[in-house]
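So you can see what is in the structure, the chains are spelled out below.
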There are 2 protein chains.
Amino acid sequence: MRKITDRQKQVLEYICDFIDEHSYAPSIRDIQKHFGLKSTKGVKDHIDRLVEKGYLSRTEGTARALKVIRDGDKATRKVPLIGTVAAGLPLLAEENIEDYLPVSADMARTEGMFFLRVNGDSMINAAILDGDLVLVRPQPFVEQGEIAVVRIGDEATVKRFFRFNTRVELHSENPDYTPIVYSDEDEDIRIVGKVTAVFRTL
Amino acid sequence: MRKITDRQKQVLEYICDFIDEHSYAPSIRDIQKHFGLKSTKGVKDHIDRLVEKGYLSRTEGTARALKVIRDGDKATRKVPLIGTVAAGLPLLAEENIEDYLPVSADMARTEGMFFLRVNGDSMINAAILDGDLVLVRPQPFVEQGEIAVVRIGDEATVKRFFRFNTRVELHSENPDYTPIVYSDEDEDIRIVGKVTAVFRTL
DNA sequence: CTCCTACCTATACATATGTTTACTTATGAA
DNA sequence: TTCATAAGTAAACATATGTATAGGTAGGAG
């Protein structure tokens, strides 16, 4: 990223703070007043340079149309919490959205991701506890041994997924539970997605 | 929340979408054009009513100063990741901020919260693994047995905190580690804050 | 029916805001 | 020195945008 002068940095910071506080960008004259300048031109120059150098974007001729371009913008994505696993939940039914949680776009890069609340202690050795939220990326496959959300009939569970010759095994991370074994061709079992993150509130 | 008409709902949705796309709010005339209206007055009326009914807030006389008031706004807070625990880290030093992660404002209600990356397996039985991020609320006390970030001299650790008569005990959640015992009055030990959430990316 | 509200047109008007031209001052590089 | 750039003053200018006044139509509540 190209260098900016100290003054330009001050202006950029003021714009950031202003947007943070008001939810809309400052006008050129707002900035002018803040810095005690006697002309709008100076401000305009600063903005033009910040745009040239890639720190700001704007729509010309439009009021308060400044946007700060953040370094690898930590955008947020609202991810729906759609239910609890290990209960007979109507997966992916929009009616069942309990809440939306904002998640770093880093974590939820794909469209269609969702949260499930985990019920029970079957994954306790994978450090997923009862009540934890898992972030799921929908996909029809996972790598050997990855933690997946699997639908068996009308129920869904979180398990480690293994595929061998002609069978599929779902392993709990708890010695009290024995692996669930299915035939390779059983239509009743389907991978819903891969667990990509775990969230817990204490 | 007071009811709004279908038309008002349409306008509100358009405003939401516009802000989503442009990062700045539409002008009255933007909205007018979108709905194919021939006067600005109608739009103004809608906005006034949406403000009255609590769905919008605005700064009068200011261009593009609309703000959508979201239902129990799932706002986001940028929480800094300031280092790794169990290393001799200069805690809370702003220079050490590695990154900012957006977190649901529900989780980070307090000012000054921060993330620490947990190093090691000393809390494995509390389902906090090596590499997990813990969200910390700075406070000088915790309840008996809660998980806290504690500073011992120049180092910090995550441990369950217990205070007995004249001593303080820090318990790991791993049988391989023995509790650390300190005198009640030892100046060298201090509670930094309470661990309020755990985040893990798989 | 009468009154009220939602919704809309038409037409101005006031001002908030972006844009531009012309100059000045200071600083550092060539 | 000479040139380029950063930063700023001054004074207009153009237009984007909010606001106001005066009506008009349709439907529901009383």
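Data block above holds the structure.
All values derive from a computational prediction rather than experimental measurement. (Residues numbered from 1 in each chain as written. Chains lettered and ligands numbered in written order. Predicted model: local features only at pLDDT ≥ 70, side-chain atom pairs only at ≥ 80, totals over all residues. Heavy atoms only, no water.)

Overview of the nonpolar core
Put simply, the test is: The nonpolar core is taken to be a set of buried Ala, Val, Leu, Ile, Met, Phe, Trp, Tyr and Cys residues, with the residues joined through side-chain atoms within 4.5 Å. Think of it in three bands: residues with accessible area under 20% of the maximum for their type are buried, residues over 50% are exposed, and the middle band is partly exposed, with areas taken using a 1.4 Å probe on protein chains only. Working definition: helices are DSSP H or I runs of at least four residues, strands are E runs of at least two. Numbering for both runs from the N terminus.
Counting 22 residues, the largest nonpolar core has Phe115, Leu135 and Phe199 of chain A together with Phe115, Leu135 and Phe199 of chain B as the members making the most contacts within it. Elements represented by at least two residues in this core include exactly strand S3 (76–85), strand S4 (99–104), strand S6 (133–138) and strand S11 (189–201) of chain A together with strand S3 (76–85), strand S4 (99–104), strand S6 (133–138) and strand S11 (189–201) of chain B.

A closer look at the packing of aromatic side chains
Condition: Pairing of aromatic rings covers Phe, Tyr and Trp, the last counted by its six-membered ring, and requires centre-to-centre distances within 6.5 Å; plane angles under 30 degrees mean stacked, over 60 mean edge-to-face, and any other angle means tilted.
Under the criterion given, the structure shown has 11 aromatic pairs over all chains. Note on Phe18 of chain A and Tyr24 of chain A: the rings are 6.0 Å apart at their centroids and 65° apart in plane angle, and the pair reads as edge-to-face. Here Phe18 of chain A matches Tyr24 of chain A in class, with each residue buried. Between Tyr14 of chain B and Phe18 of chain B, the aromatic rings sit 5.9 Å apart at their centres with planes inclined by 65°, giving edge-to-face as the arrangement. Taken together, the positions of Tyr14 of chain B and Phe18 of chain B, both in helix H1 (residues 6–22) and 4 residues apart, correspond to about one turn of that helix. A relative accessible area of 15% means that Tyr14 of chain B is categorised as buried. A relative accessible area of 9% places Phe18 of chain B in the buried class. Taken together, the ring pairs in this structure connect Tyr14, Phe18, Tyr24 and Phe35 of chain A into an aromatic cluster.

Quick notes on the packing of H1 of chain B against helix H3 (residues 40–52) of chain B
All names here are of chain B. This is how the line gets drawn: The axes are straight lines fitted to the C-alpha atoms, using for helices just the contacting stretch, and the angles between their N-to-C directions are given from 0 to 180°. Should an angle fall under 35 degrees it is called roughly parallel, over 145 degrees roughly antiparallel, and 65 to 115 degrees roughly perpendicular, with every other angle called oblique. Contacts are residue-level and defined by heavy atoms, with any inter-residue pair within 4.5 Å sufficient.
Between H1 and H3, the least distance of the axes is 10 Å, while the angle of their chain directions is 90°. Relative to H3, the element H1 lies roughly perpendicular. For the pair H1 and H3, the contacting residues are Arg7, Gln8, Val11 and Leu12 in the first and His46, Arg49 and Leu50 in the second.

Thoughts on the protein's contact with DNA strand D
What counts, and what does not: Only a single heavy atom is needed: when it lies within 4 Å of a molecule or strand, its residue is near that molecule or strand. Polar contact is defined as a pair of N or O atoms within 3.5 Å, subject to the rule that within protein one atom must be able to donate a hydrogen and the other to accept it, and that residues adjacent in sequence are counted only when both atoms are side-chain atoms.
Contacts to DNA strand D come from 25 residues, most closely from Arg7 and His46 of chain A together with Ile28, Arg29 and Arg64 of chain B. A distance of 3.2 Å separates a phosphate oxygen of DNA strand D from a polar atom in the side chain of Gln8 of chain A. The side chain of Arg58 of chain B places a nitrogen or oxygen atom 3.1 Å from a phosphate oxygen of DNA strand D. Residue contributions to the surface near DNA strand D peak at 4 residues, all from helix H3 (residues 40–52) of chain A.

Re the pairing of S11 of chain A
The cut-off we apply is this: At least two bridges found by DSSP between two strands are what make those strands a pair.
For S11 of chain A, the buried fraction is high: 11 of the 13 residues fall into the buried class. As paired elements, S6 of chain A and S11 of chain A share 6 bridges and run antiparallel to each other. Among the inter-strand pairings, Leu135 of chain A is bridged to a residue of S11 of chain A, identified as Ala197 of chain A. With 5 bridges joining them, strand S7 (residues 147–152) of chain A and S11 of chain A adopt antiparallel strand pairing. The partner of Val149 of chain A across the bridge, within S11 of chain A, is Gly193 of chain A. Bridge count between S11 of chain A and S11 of chain B: 5 bridges; the pairing is antiparallel. Note on S11 of chain B: the bridge partner recorded for Phe199 of chain A is Phe199 of chain B.

Examining the relation of the copies chain B and chain A
Condition: The fit set for superposing copies consists of C-alpha atoms from residues with pLDDT of at least 70 in both; the fit itself is least squares.
Superposing chain B onto chain A takes a rotation of 180° plus a shift of 0.7 Å along the axis, which leaves an RMSD of 0.6 Å. In symmetry terms, the pair is related by a two-fold rotation axis. Interface overlap between copies: 100% of the residues of chain B at the interface are likewise at the interface in chain A, consistent with a symmetric, same-surface contact.

Some details on the pairing of S6 of chain A
Side-chain positions along a regular strand alternate between the two faces of the sheet. Note that strand S5 (residues 114–118) of chain A and S6 of chain A share 4 bridges and pair antiparallel. Opposite Leu116 of chain A, over in S6 of chain A, you have Val134 of chain A as the bridge partner.

Some words on the protein's contact with DNA strand C
Defined as follows: Ten residue types, Ala, Val, Leu, Ile, Met, Phe, Trp, Tyr, Cys and Pro, are classed as nonpolar, four, Asp, Glu, Lys and Arg, as charged, and the remainder, Gly among them, as polar.
Neighbouring residues of DNA strand C: 26 residues in total, closest Ile28, Arg29 and Arg64 of chain A together with Thr5 and Arg7 of chain B. Near-protein atoms of DNA strand C (within 4 Å) split between backbone and bases, with sugar and phosphate holding 65%. A distance of 2.8 Å separates a phosphate oxygen of DNA strand C from a polar side-chain atom of Arg7 of chain B. For the surface near DNA strand C, the per-class residue count stands at 4 nonpolar, 11 polar and 11 charged.

Some words on the interface of chain B and chain A
Interface size is commonly expressed as the accessible area that is lost once the parts come together. Going by this rule: Buried area is understood as the total, over both parts, of accessible area removed when two parts are fitted together, assessed with a 1.4 Å probe. Salt bridge, as applied in this entry: a Lys or Arg side-chain nitrogen positioned within 4 Å of an Asp or Glu carboxyl oxygen.
Listed as interface residues are 30 residues of chain B and, on the opposing side, 31 residues of chain A. Taking both sides of the interface into account, the surface hidden between chain B and chain A amounts to around 2700 Å²; carbon and sulfur atoms contribute 58%. Across the contact surface, chain B and chain A share 0 salt bridges. Run the count over chain B and chain A and you get 14 residue pairs in polar contact (both at pLDDT 80 or more). Its residues assigned to classes, the side of chain B that touches chain A comprises 17 nonpolar, 7 polar and 6 charged.

Concerning a negative patch on the surface
Counted only if it meets this: The residues that make up patches have over 30% relative accessible area and no salt bridge, and they are joined within 9 Å when like-charged or within 5 Å when they are Val, Leu, Ile, Met, Phe, Trp or Tyr. The Shrake-Rupley method, run with a 1.4 Å probe, gives the accessible areas here. Residue values count only the displayed protein chains as cover. Only four residue types enter the tally: Lys and Arg on the positive side, Asp and Glu on the negative side, with His and both chain ends excluded. Every charge is mapped to an atom, namely NZ of Lys, CZ of Arg, CG of Asp or CD of Glu.
On the surface, a cluster of negative charge is made up of Glu13, Asp17, Asp20 and Glu21 of chain A. Residue class for Glu13 of chain A comes out partly exposed when judged on its relative accessible area of 47%.

From the geometry alone we can't say anything about function, so treat these as descriptive.
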